[in-house]
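# Structure at a glance
In case you want the letters, here they are:
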2 protein chains.
Amino acid sequence: MEVSEIYKCIADPQRLRIINLLEVGPLCVCHMQEILEVPQVKMSKQLSSMKQLGLLEAHREGTWMIYKLVDPVEGLITANLCYLREAACGECSQLQRDLTKRKKLILKVTKIENDCPQEVCEQIACC
Amino acid sequence: MEVSEIYKCIADPQRLRIINLLEVGPLCVCHMQEILEVPQVKMSKQLSSMKQLGLLEAHREGTWMIYKLVDPVEGLITANLCYLREAACGECSQLQRDLTKRKKLILKVTKIENDCPQEVCEQIACC
DNA sequence: CAGATATATACTAAATATAGTATATACTGT
DNA sequence: ACAGTATATACTATATTTAGTATATATCTG
């Protein structure tokens, strides 16, 4: 993966937000959609372009597709997330808010689906 | 300046190389051209787009235009250069080679223009 | 098998970015 | 004022990216 491709990828705010979410752990498409409030087509196309690039991978679980960052995560990605999460700017605080939203969403989901202990849930993403 | 604009900027290898050069100190257009071996139009257009963005500023010195990074340098830029200069990849080693080339070029220029002590030269860029 | 849900793809229109050629401007030295 | 050097801009062609609508696929449930 080329440096310039990575930058081109995170140069799109929506894609950056997706990566920010996935860096914390895998997520299924519908939950990312809910967090980012973005139309299904757009989400799907962005995910597939990032998968194509070699940044994400996905597996199916029932009707859901679970996406995650390819392991090991590109150092350049990690370094930038690290910087942005500390920084003070519009896009940066958005990233923070997304992570908060993610946490709440997962808590809610685990309660509905019941009995999935939070730690496990965090690990397998969408329960 | 938006985060996404900065990424879009450095997503172009040539622009990244320019920023990498200028981070070390100001330079005039013709010397950047010589180092990057890129046609005059392209260089000029890229510089002007980065100036427009608020990343660079320029002043005239005779027939030369001296460009420099706006002070203070965007933290995101600094952080990324810092990462890339250490990293091992094609684009990264290119950045290193550019800096070497820059050093040699300046030494050569200072000799021709004579008597400009290197430290001063480094500071005022193209002598 | 039919209907529902989640996700992906094809196709098209529209917007953006890039590259090249020619030309213009600003300055210097004569 | 004129020729030369350095740099910028206008204009155009071309490529790349993005967005939207419609449609397809995969899986589950009854």
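Since we're looking at a predicted model, the values are computed, not measured. (Residues numbered from 1 in each chain as written. Chains lettered and ligands numbered in written order. Predicted model: local features only at pLDDT ≥ 70, side-chain atom pairs only at ≥ 80, totals over all residues. Heavy atoms only, no water.)

### Section: the interface of chain A and chain B
In this complex, chain A contributes 18 residues to the contact, which on the side of chain B involves 18 residues. Regarding the contact of chain A and chain B, the summed buried area is about 1400 Å², with carbon and sulfur atoms giving 66% of it. If you look at where chain A meets chain B, you find 0 salt bridges. Joining chain A to chain B, the criterion identifies 9 residue pairs in polar contact (both at pLDDT 80 or more). Among the elements of the structure, helix H1 (3–10), helix H2 (13–24), helix H5 (75–86) and helix H6 (90–113) of chain A are those that each provide at least two residues to the side of chain A that touches chain B. (Contact = heavy atoms within 4.5 Å. Buried area = accessible area lost by both parts, 1.4 Å probe. Salt bridge = Lys/Arg side-chain N within 4 Å of Asp/Glu carboxyl O. Polar contact = N/O pair within 3.5 Å; in protein donor to acceptor, adjacent residues only side chain to side chain. Helix = DSSP H or I, 4+ residues; strand = E, 2+ residues; numbered from the N terminus.)

### Structural notes on the relation of the copies chain A and chain B
Of the transformation superimposing chain A on chain B, the axial component is 0.0 Å and the angular component is 180 degrees, with the fit at an RMSD of 0.0 Å. Both chain copies can therefore be described as sitting about a two-fold axis. (Least-squares fit on C-alpha atoms with pLDDT ≥ 70 in both.)

### Remarks on the state of the cysteines
Residue and element names in this part refer to chain A. Taken as a whole and assessed by the stated rule, the structure comprises 2 disulfides over all chains. Disulfide pairing places Cys 89 opposite Cys 92 at an S-S distance of 2.4 Å. Taking the sign of the S-S torsion, about 70 degrees here, the bridge from Cys 89 to Cys 92 comes out right-handed. (Disulfide = S-S within 2.5 Å.)

Honestly, that's just the spatial picture; any functional story needs more than this.
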